[in-house]
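# Analysis of the macromolecular model
Chain by chain, the residues run as shown.
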Amino acid sequence: MNYPGFLRYSLNVIGKTTWPLIRVNTTNSVNSIGVKSYIILGGVHWLSSFHPLVICGPSGCGKSTLLKILMKEYKNYFGFTVSHYHFVTRHEMQQAIEKGEFIEHVEYSKNLYGTSKNAIKAVQEKGLVCILDIEVEGVKNIKKTDLNPRYIFIKPPSMEALKERLQKRGTETDESINERICRAKKELEYGEMPGNFDIIVLNDCLEDAYRELKNYLWKCGVLGSNLQEQ
Ligand SMILES: Nc1ncnc2c1ncn2[C@@H]1O[C@H](COP(=O)(O)OP(=O)(O)OP(=O)(O)O)[C@@H](O)[C@H]1O
C-alpha cells in the first residue's frame, strides 16, 4: 500500500541516498541489504514543494485518458486541478484575477477559465503532486510565473485521428469539433517548438504513450526511485 500524502517523506534509505524525494512503499520494497523496512536518517520534507505537472495538448489527444490511467495506478500521488470555469460571476472572477489570485486564466467562448493559486495550494497541502490540465494560452501564462512545473505535451498521431477521436467520444457537435481541430493546429505548432515542453508524448498506441509518460515521470523523479525497483 502506498503511503498517503502526509506520510510521504524525503528519506535517506540504507545503502543509497535518494534525492530530492522518494515515496516509500514498505509492503513491496526491499532495500540493498534485503531488509523490508527503512530507517529514516534524513529530515522530513513535505511533498508540497514538489514540482507540479502541466499537461497540455489539443482537445481529444488523450490527456484525460492518460491521466486516468496514471491516477488509477498511483492513487495517492497526484491531485488534479483542471483549468476550470469558476462558478462565480464574471465580475467576481475578473476581480480575483486582478488581485493576482489566478496562476493562469484564458477566455474561450466568452467564458473565463483559470487555475487559482488556492486550488494548487490545496492539492499541495495534501502532500500530492498537482496536475494541471491546461490549454496552450495557460501554459504561456504559467511560464511567466515562478511555479516551475514539468511541462508535458500530448500529441495525437494525426489530425484525422484527432477528429475521429472527438467524433467517437460523442461529446461535441460538428461545429465544436471543427473549432477544436482549427485550434489544434496552432497548439501543435506551439507544442512541438523546441524548448516549450520538457517532453512530447505521442499518443498513438495508448499503451506505448502511457509507458512513455510513466518513464518520464520516473526519470524526472516525480515517481520515486525506490518504486522503480518493485
Ligand atoms: N491512444 C488512443 N487511441 C485511440 N483512442 C484514444 C486514445 N487515447 C484516447 N483515446 C480516445 O480519444 C477520446 C479523447 O480522449 P480524451 O477525452 O482523453 O482527450 P483529452 O485530450 O482529454 O480531450 P479534452 O481536452 O477535450 O478534454 C476518448 O474517447 C478516448 O477514449
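The rules we used
Residues numbered from 1 in each chain as written. Predicted model: local features only at pLDDT ≥ 70, side-chain atom pairs only at ≥ 80, totals over all residues. Heavy atoms only, no water. UniProt positions renumbered as here; feature names shortened; annotations may be inferred. Helix = DSSP H or I, 4+ residues; strand = E, 2+ residues; numbered from the N terminus. Contact = heavy atoms within 4.5 Å. Buried < 20%, exposed > 50% of the residue type's maximum accessible area, 1.4 Å probe, protein only. Near = heavy atom within 4 Å. Polar contact = N/O pair within 3.5 Å; in protein donor to acceptor, adjacent residues only side chain to side chain. Areas by Shrake-Rupley, 256 points an atom, 1.4 Å probe, with all protein chains shown as cover. Nonpolar A, V, L, I, M, F, W, Y, C, P; charged D, E, K, R; others polar. Expected span 1.5 Å × (residues − 1). Bend = angle between axes of the 7 residues up to and from the residue. Phe/Tyr/Trp six-rings, centres within 6.5 Å; stacked < 30°, edge-to-face > 60°. Lys NZ or Arg CZ within 6 Å of the ring centre and 35° of its normal. Core = buried A, V, L, I, M, F, W, Y, C linked by side-chain atoms within 4.5 Å. Axes fitted to C-alpha atoms, helices over the stretch in contact; angles between N-to-C directions. Parallel < 35°, antiparallel > 145°, perpendicular 65-115°, else oblique. Left-handed = near helix turned anticlockwise from the far one by under 90°.

- An unreviewed UniProt entry annotates the chain as Guanylate kinase-like isoform X2 originating from Limulus polyphemus.
- Recorded under Sequence similarities (unreviewed entry), the UniProt text for the chain is reproduced unchanged: "Belongs to the guanylate kinase family."

## A closer look at the overall build of the chain
- Assigned secondary structure in the chain consists of 8 helices and 10 strands.
- For the chain, restricting intrachain contacts to residue pairs at least 6 apart in sequence, the fraction spanning at least 24 positions comes to 69%.

## Quick notes on the side chain of N203
- Considering the arrangement of structural elements, one finds N203 in the loop between β10 (199-202) and α7 (206-219).
- Classification of N203 as buried rests on a relative accessible area of 3%.
- Other than its neighbours up to four places away in sequence, N203 contacts C61, G62, L66, I154, K155, P156, P157, R165 and A209.

## Considering the site of the ligand
- Around the ligand, the structure places 14 residues, and the nearest of them are S59, K63, S64, T65 and N203.
- The contact in question runs from an oxygen atom of the ligand to an N or O atom on the side chain of S64, over 2.6 Å.
- When the free accessible area of the ligand is taken as 630 Å², the share hidden by the protein chains comes to 72%.
- Contributions of two or more residues to the shell around the ligand are made by α1 (63-73) and α5 (159-169).
- A class-by-class count of the residues in the shell around the ligand yields 3 nonpolar, 6 polar and 5 charged.

## Some words on helix α6 (residues 174-192)
- Between its first and last C-alpha atoms α6 spans 27 Å; for 19 residues at 1.5 Å apiece the expected length is 27 Å, and the two agree.
- For α6, the principal kink sits at A184 and spans about 25°.
- The complete set of buried residues in α6 reads S176, I177, I181, A184, E187, L188, Y190 and G191.

## Details of the packing of aromatic side chains
- Enumeration over the complete set of coordinates arrives at 5 aromatic pairs.
- Between the aromatic rings of Y77 and F78, the centroid separation amounts to 6.5 Å while the plane-to-plane angle is 45°, which identifies the pairing as tilted. Assigned by exposure class, Y77 and F78 land together as buried.
- Note on F153 and F197: the rings are 5.0 Å apart at their centroids and 55° apart in plane angle, and the pair reads as tilted. Placement of the pair is F153 in strand β9 (residues 150-155) and F197 in the loop between α6 and β10, with a sequence separation of 44 residues. As far as burial versus exposure is concerned, F153 and F197 are alike and both buried.
- Through pairs of rings, three or more aromatic residues link up here, namely Y151, F153, Y190 and F197.
- Residue placement shows K140 over the ring face of Y190; its charged tip is 5.2 Å from the ring centre.

## With respect to the nonpolar core
- Counting 30 residues, the largest nonpolar core has L53, L70, Y74, F78, I152, L217 and V222 as its most contacted members.
- A per-element tally of this core places α7 first, with 6 residues.
- Aside from chain neighbours lying at most four places away, what touches L70 is F78, I131, Y210 and L217.
- C56, I103, L132 and Y190 belong to the second-largest nonpolar core, a separate cluster that totals 18 residues.

## Observations concerning the packing of α1 against α7
- Here α1 crosses α7 at 60°, and the two axes come no closer than 10 Å. By the angle between their directions, the pair α1 and α7 is classed as oblique. Considering only the axes of α1 and α7, their crossing is right-handed. Where α1 approaches α7, its residues T65, L66, I69, L70 and E73 are matched on the opposing element by L206, A209, Y210, L213, K214 and L217.
- Residue composition of the contact of α1 with α7, by class: 8 nonpolar, 1 polar and 2 charged.

## Some remarks on the packing of α5 against α6
- At a minimum axis distance of 10 Å, the contact between α5 and α6 shows a crossing angle of 145°. When you trace α5 past α6, the crossing you get is right-handed. Across the interface between the two elements, M159, L162, K163, L166, Q167 and R169 of α5 pack against I177, N178, R180, I181, A184, K185 and L188 of α6.
- In terms of residue class, the contact of α5 with α6 is built from 7 nonpolar, 2 polar and 4 charged.

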